[in-house]
Each structure stands twice: as structure tokens, then as C-alpha cells.
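Examining the three-dimensional arrangement
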Amino acid sequence: AQSVAQPEDQVNVAEGNPLTVKCTYSVSGNPYLFWYVQYPNRGLQFLLKYITGDNLVKGSYGFEAEFNKSQTSFHLKKPSALVSDSALYFCAVREPTGAGSYQLTFGKGTKLSVIP
Amino acid sequence: DGGITQSPKYLFRKEGQNVTLSCEQNLNHDAMYWYRQDPGQGLRLIYYSQIVNDFQKGDIAEGYSVSREKKESFPLTVTSAQKNPTAFYLCASSIQEFGVYEQFFGPGTRLTVL
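Being a predicted model, the structure only gives us computed values, none of them experimental. (Residues numbered from 1 in each chain as written. Chains lettered and ligands numbered in written order. Predicted model: local features only at pLDDT ≥ 70, side-chain atom pairs only at ≥ 80, totals over all residues. Heavy atoms only, no water.)

**Some points on the layout of surface pockets**
Roughly 450 Å³ of volume is contained in the largest pocket. For the largest pocket, the lining is made up of 22 residues, of which Gln38(A), Leu88(A), Gln37(B), Pro39(B) and Gly40(B) are closest to its centre. Element by element, the count of residues in the lining of the largest pocket is highest for strand β10 (residues 87-98) of chain A, at three residues. In the lining of the largest pocket, the residues fall into eight nonpolar, eight polar and six charged. (1 Å grid on protein atoms, 1.4 Å probe; cavity = no way out; pocket = protein on both sides within 12 Å on 5 of 7 lines; lining within 4 Å. Points joined across faces, edges and corners; volume = space filled by probe spheres on them. Helix = DSSP H or I, 4+ residues; strand = E, 2+ residues; numbered from the N terminus. Nonpolar A, V, L, I, M, F, W, Y, C, P; charged D, E, K, R; others polar.)

**Some details on the environment of Val113(B)**
Mapping Val113(B) onto the fold places it in strand β11 (residues 109-113). Taking the C-alpha atoms as reference, Val113(B) lies 4.7 Å from Arg13(B); in sequence the two are 100 residues apart.

**Thoughts on the pattern of salt bridges**
Scanning the entire structure with this criterion turns up seven salt bridges over all chains. In this structure, Lys49(A) and Glu102(B) form a salt bridge, with 3.0 Å as the shortest nitrogen-oxygen distance. Taken together, the residues Lys49(A) in strand β6 (residues 44-50) and Glu102(B) in the loop between β9 (87-94) and β10 (104-105) connect one chain to another. With a shortest N-O distance of 2.9 Å, Lys58(A) and Glu64(A) are connected by a salt bridge. (Salt bridge = Lys/Arg side-chain N within 4 Å of Asp/Glu carboxyl O.)

Structure representation (C-alpha cells):
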């Protein structure tokens, strides 16, 4: 089975500093990886995905993620954090369910707090 | 305004009652999903459906049931057999072609059992 792990339950960063939210994956075959953000009592919003191609993927709201095959990682990054980036972040991997269909398997989430 | 709607936003249930959560999408997506979210546990898949009149169990289907009579609708029933139903429930949809693959989520329903 495919899986992702988010080793940090919480990340604190000062406003204006760079931020990193970590994700490692375990898959058989080529990984299809995703990052989502969730604000309190809201649904998840898609940020970015890696399917193939460049290892640096750019997404919404100034976020980017670096795919590293040798380290099996897909860390989310942003050069300068904003207070409004404070939210819960989920990494996910696409997992086949059979007969050409797929589901997403999510990590447990990392709470990002940006301190003014 | 395209998207996924879930209703109600908040739902209270007495023990022993069945309740149905609504999920509707106007994105013309074939696939729809139901997840349960508990603090510190991420999202866990309850049921999913790839086409109308067909659905499969996810990782935690016990105590839940679904139907998919229309492409745009995928209601979830939380039955009295679900031992710990208090949670945040999220519905999602997706197309799985043309290199898209990501899922789009509704705003969620918070269910509380009294």
C-alpha cells in the first residue's frame, strides 16, 4: 500500500521567514503526490501536485514543493511566511484501488502557525 | 458558481438515530468520495464511487452506507451501528484523466452525537 508520513504535528515560524512542512512517501512505482491546506472548519483546498517532470513544483498562494526521489520526500515550502498561512496542511499520495480507479491516502496533517 | 456543496454544516444526532449527510457537485465529475476527519488522525476514506450506481467501501465503512443514484449526488448515511460517529465529514469529487487526479472538497459537515 502507498503511504505518506508527516513527521511534525506542528511547525512554528516567524512571519517573513521561510517555511518548510515535511512529507515523506512510500510507494511502489511512480508517486503521484499532492499538498492540501485546510483552514478551521473548512474543506481542504488543493495547493499543488507532482505527477512527473520538474522536481520543483509551484502551486497556489506562493507555495512550492520539492520532490526528492532519493530521499522519498515531498516537502512543502514558501520563501516568506504570512500570518494568513496559518492552517493545517496535508500531504497525500494517489493509490490505485483496482480496475483503473484511484483514491488519495492522506498524512495525518501538520499544523502551521506563523507568528507575527 | 461551480463546486461541491454539503449540508447541513452542523448536525446533531441522538444516539440510536440514523442521519443522512448531503453532498452535491456540479463539476460533472465521475468520482465522489466521503472522508471522516478526527483530530490528529488526518482523513480516512469511508466510501467512494467511480460511476453512478456503483460504490466501494473504503478503510472505515462499518456503520455507514451510501447511494449513488445520480452523478451529481452522493449522500452518506451514518447509522446507529457506527459506535463513535462524532466527527467532521468531508465529501470530495474528482476526474481521473487528463493528468488532473486531484480531488476537490466540499466545506464539510460537523456531526455531533448527543
